[in-house]
Amino acid sequence: MLTDAVAFAGHQIHVCRYREAGTLLRWLGRDLTGQVVLDVAGGDGYWAARARRRGARAVSLDLARHKMLRGRRLANAPALVEGDALRLPFADASVDKVMSVCAVEHFDDGPAALREMARVLKPGGDLVMSADCLSRRGEWPHLFDAHRRRYHVQRTYTHETLRALLDGCGLDVLEHRYQFRSRAAERTYLTLSAHGGRIGFNAAAPLIPLVALSDRRHPNTRGSIVLLRARRR
């Protein structure tokens, strides 16, 4: 379908989303048969649709109705719910797994959104998420300010700050991973976000293997994006 082709180009032909969301989906598991998977701030539902292809009863929640209207035309469209991440319209312990792809940094109250994600998770359920870290943002304040304004970034996170927040919500962090770990990779990421936007990120997609190789050669302690998997106690 044309809609799926356009969505693929928008979501996966991208210098970071292919690796980022691909890792989160891998952490969710290959067989999600019968499990309720909620994607918080899922936009058009593209990544939730990937979970549905694995058998999940997938739900994508977002406030952007125009994105959801596009998402309805996806071949494996998930259930699309218009709602606020700070007040999830789901009962306590009603969801098997929660996913959120680089969304929490945009929320006016990120910790409140994390509490909501924890609230709806069943005991033993997993949260897989990513967030802006931009660990060297102080080296290029003009680039970070442009990135922050362009994408309405309210707060950045490290695996340590997320661990502390999630521990207070009753979740234990199982693993984390940084992407764009080197100084050069971080500057490239910020430059693309500040000046290139979606067009720049997509044009830079051929750099994926180089960034992946660079990440393997640098410590898993800092980077532009932090990915994390946690489990509800």
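Overview of the structure. A quick note: this is a predicted structure, and the numbers were derived from the prediction, not measured.

### Brief notes about the packing of helix α6 (residues 141–151) against helix α8 (residues 183–203)
Angle between the axes and distance between the axes: these two values describe a pair of packed helices.
Okay, so step 1: Where α6 meets α8, the axes come as close as 8 Å, and the angle between the chain directions of the two elements is 35°. When you trace α6 past α8, the crossing you get is left-handed. Every residue of α8 that contacts α6 at Leu-143, Phe-144, Ala-146, His-147, Arg-150 and Tyr-151 is listed here: Arg-187, Tyr-189, Leu-190, Thr-191, Ser-193, Ala-194, His-195, Gly-196, Gly-197, Arg-198 and Phe-201.
Okay, so step 2: Each residue belonging to the contact of α6 with α8 can be placed in one class, and the counts come to eight nonpolar, six polar and three charged.

### Topic: the nonpolar core
Okay, so step 1: Of all hydrophobic cores here, the largest spans 39 residues; its most connected members are Val-15, Leu-28, Trp-47, Met-99, Phe-180, Tyr-189 and Ile-225.
Okay, so step 2: For this core, the secondary structure elements donating two or more residues are α2 (17–28), α3 (46–53), α6, α8 and β7 (225–232).
Okay, so step 3: When residues in this core are grouped by element, the largest group, six residues, is from α8.
Okay, so step 4: Counting residues in each nonpolar core, the second largest holds 32 residues, with Val-95, Val-104, Leu-114 and Met-117 among its members.

### A few points about the pairing of strand β1 (residues 36–40)
Okay, so step 1: For β1, the tally of buried residues reaches five of five residues, placing the bulk of the element in the interior.
Okay, so step 2: Going residue by residue along β1, you find Val-36, Leu-38 and Val-40 tucked away on one face and Val-37 and Asp-39 tucked away on the opposite face as well.
Okay, so step 3: Across five bridges, the pairing between β1 and strand β2 (residues 57–62) is parallel. In the sheet register, Val-36 faces β2, and the bridge partner there is Arg-57.
Okay, so step 4: Once the chain exits β1 it traverses α3 before rejoining the sheet at β2, and the crossover so formed is right-handed.

So, how was this worked out
Every chain is numbered independently, its residues counted from 1 as its sequence is written. Per-residue local features of the predicted model are confined to residues with pLDDT of at least 70, and side-chain atom pairs are confined, for both listing and counting, to 80 or more; whole-chain, interface and lining totals are unaffected and use all residues. To get the side-chain values, take all heavy atoms of the structure and skip hydrogens and water. Angular values range over 0 to 180 degrees, each being the angle between N-to-C directions of two axes fitted as lines to C-alpha atoms, with helices fitted over their stretch in contact. Counting from the N terminus, the helices are the DSSP runs of H or I reaching at least four residues and the strands are the DSSP runs of E reaching at least two. Crossing handedness follows the turn of the near helix against the far one: under a right angle anticlockwise gives a left-handed crossing, and clockwise gives a right-handed one. By definition in these notes, contact holds between two residues if any of their heavy atoms fall within 4.5 Å. Nonpolar residues are Ala, Val, Leu, Ile, Met, Phe, Trp, Tyr, Cys and Pro. Charged residues are Asp, Glu, Lys and Arg, and all others, Gly as well, are polar. For the purposes of this section, nonpolar cores are sets of buried Ala, Val, Leu, Ile, Met, Phe, Trp, Tyr and Cys residues that join through side-chain atoms within 4.5 Å. The buried label goes to any residue with under 20% of its type's maximum accessible area, the exposed label to any with over 50%, and the partly exposed label to all in between, with areas taken from a 1.4 Å probe on protein chains only. Two strands form a pair only when DSSP identifies at least two bridges running between them. Convention used here: a crossover is right-handed provided that the path from the first strand, over the helix, to the second strand proceeds clockwise when the strands point away from the viewer.

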